[in-house]
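Examining the three-dimensional arrangement
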Amino acid sequence: MDWVTSIESALAGACLMLALMHLVMWFRDRSLWANLWFFVAVLGLVGLMACEMVTMHARTPETYARGLQYAQLANLANTLGILGFVHCHFGTGRKGLLRLTVVLQVAAVVADFTTGQSLGVTEVRRLAQMDFLGETVSILGEWEPNRWMLLGQATSLVMVIYIADASWWLWRKGTSDARVRAAAVGGSLIFFIGVGTILAGVVKMPFLVSLPFLGMLLVMGGELSRKILENKRFVPTSVTDVTGRENAERESVRQQQELAHLSRISILGELAGALAHELNQPLAAILGNAQVGRGSLGGKSPDLTEMAAILDDIVDDAKRAGGIIHGMRAMFKKDAVTEPVPMDLNESVTQVLHLLHSEIIGRKVRLVTSLAADLPPVNAGRVEVQQVLINLVMNGLDSMRGMTPGGLLEITSTRVEDRIQVTVRDSGPGIGEDMMEGLFEPFVSSKPGGLGLGLAISRSIVLRFHGELGGGNHPDGGAVFILTLPIAGAEA
């Protein structure tokens, strides 16, 4: 066995062993899709290595061309594996670019089998020989280039754009882990794709494009191994222990999400009357404006300026009603738990107050807001944060129920170093000493018939986004709750 065959075989065997490990991990935990796509990419790499062996040991132009042709099939598996890895591991990137890359790669394979002897060569007329690693191998001597090779180059270009886009959006998340993945993994993949494109265009050397792909897979495998070490999946004493603990963790997360969902539905149930009133106002305004406009059109010379103003009012009222309905649908969704994204905390406060407007008016409560301008975004889930704010505002309103005259609800936002604070204060009787110690414990409530889950769920939501939720009595009377979330990029 020559050196070329020995080295290629050893590399292929090592890659397959690594790939099988990740395949076994995916079978144990079907949520690890990045590991499965890594396995697919390795299969493509091994196929490329086999095609390279065929071309380097070819003795006829037909055999060499057949090796080039089937290399495109292996490249398809490799490309799909890399794209799937980036999509699942990064969780970012424009899906349109992803689909375009896949379509172009499939089109390249079709052109590879229909436009000539391969995608890059229409016809191989003669082979040449050269020394490589101490062995004599075959290379292209005389050939006819295939213009469809541009399709393969376009695929590589779009693939680079997709990975760069996914890396950029991952970088913008701001966390140290996200930036490591974006720079190390995304940057390395782009570099090796560029090297592979250059090697594919150099014909005075053996057909050897597996080296840059091997570099990409080493980067991907290293990243997956780093995540495994961080998650400490290698420490358990037995497979049973690992499976049991992982199942328990997943069940705990699922139960927390179920409780949060039920809490949102409970809140919306309590607000049914207020939400109906909120929807009735824009709908009644739309009806009134439409009737006025219809009457105006019945005249001999309708005022077009007035008609334009009427239509503008109808559009604004329709948008207002649509916004209320959209907010209700988002709260009702069971899968509303999302990954943290940069969001404007002041905007969420405003949307919550708009949603609770009728409830606040109906309770005859005076609302005072002081929201700091130009606050930077925080990293959190929009629906979950709104759920927390609704719970805090509703608790304040409930504590002032029956007060004559109506109480005061004060909401402020401000920046404190690398965090944003939202304070919700009411003028109610405050929190009793017997309630203070277990304020955020489940099933602890001062409301008649209350379950005592609202604050417990709210704190678990805030902790998930690396924030804090505290509460106590204000020196001037009443209760005060402070929601604190880190500015985007400062979670660590």
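Attention here is on the structure that accompanies the text. Starting from 1, residues in each chain are numbered consecutively following that chain's sequence as written. Predicted model: local features are reported for residues with pLDDT of at least 70 only, side-chain atom pairs are reported and counted for 80 or more only, and whole-chain, interface and lining totals are derived from all residues. Remark: hydrogens and water are excluded; side-chain values derive from all non-hydrogen atoms of the structure.

**A look at the pattern of salt bridges**
Oppositely charged side chains can pair when the atoms bearing their charge come close. The working definition used for a salt bridge is a side-chain nitrogen of Lys or Arg within 4 Å of a carboxyl oxygen of Asp or Glu. A complete count under the given rule lists five salt bridges for this structure. Taking the shortest distance from any N to any O, the salt bridge between aspartate 165 and arginine 94 comes out at 3.1 Å. Of the two residues, aspartate 165 is situated in helix H5 (residues 149-171) and arginine 94 in the loop between helix H3 (61-90) and helix H4 (95-114); the sequence distance between them amounts to 71 residues. The buried label applies to any residue whose accessible area, calculated with a 1.4 Å probe on protein chains only, is under 20% of its type's maximum; exposed applies above 50%, and partly exposed to all values in between. On the basis of relative accessible area, aspartate 165 is assigned to the buried category, the value being 11%. The partner of glutamate 142 in a salt bridge is arginine 126, and the shortest N-O contact between them spans 3.6 Å. Here the residue glutamate 142 occupies a position in strand S2 (residues 135-145), and arginine 126 occupies one in strand S1 (residues 121-132), the gap between them amounting to 16 residues. Numbering of helices and strands runs from the N terminus; a helix is a DSSP stretch of H or I covering at least four residues, while a strand is a stretch of E covering at least two.

**Regarding the side chain of serine 138**
Here serine 138 lies in strand S2. Engagement of the side chain of serine 138 in a polar contact is seen with the side chain of glutamine 129, the distance being 3.3 Å. By definition in these notes, contact holds between two residues if any of their heavy atoms fall within 4.5 Å. When neighbours within four sequence positions are excluded, serine 138 is seen to be in contact with Thr55, Met56, Ala58, Arg59, Tyr64, Leu127, Ala128 and Gln129. N or O atoms closer than or at 3.5 Å make up a polar contact, with two conditions inside protein: a donor-capable atom paired with an acceptor-capable one, and, for residues adjacent in sequence, both atoms drawn from side chains.

**Examining unusual backbone geometry**
Notably, aspartate 374 is not glycine yet its phi reads approximately 60°, a positive angle. In this structure, aspartate 374 sits in the loop between strand S4 (366-371) and strand S5 (378-380). Given the relative accessible area of 79%, aspartate 374 is considered exposed. At histidine 466, a residue that is not glycine, the phi angle is positive and equals roughly 60°.

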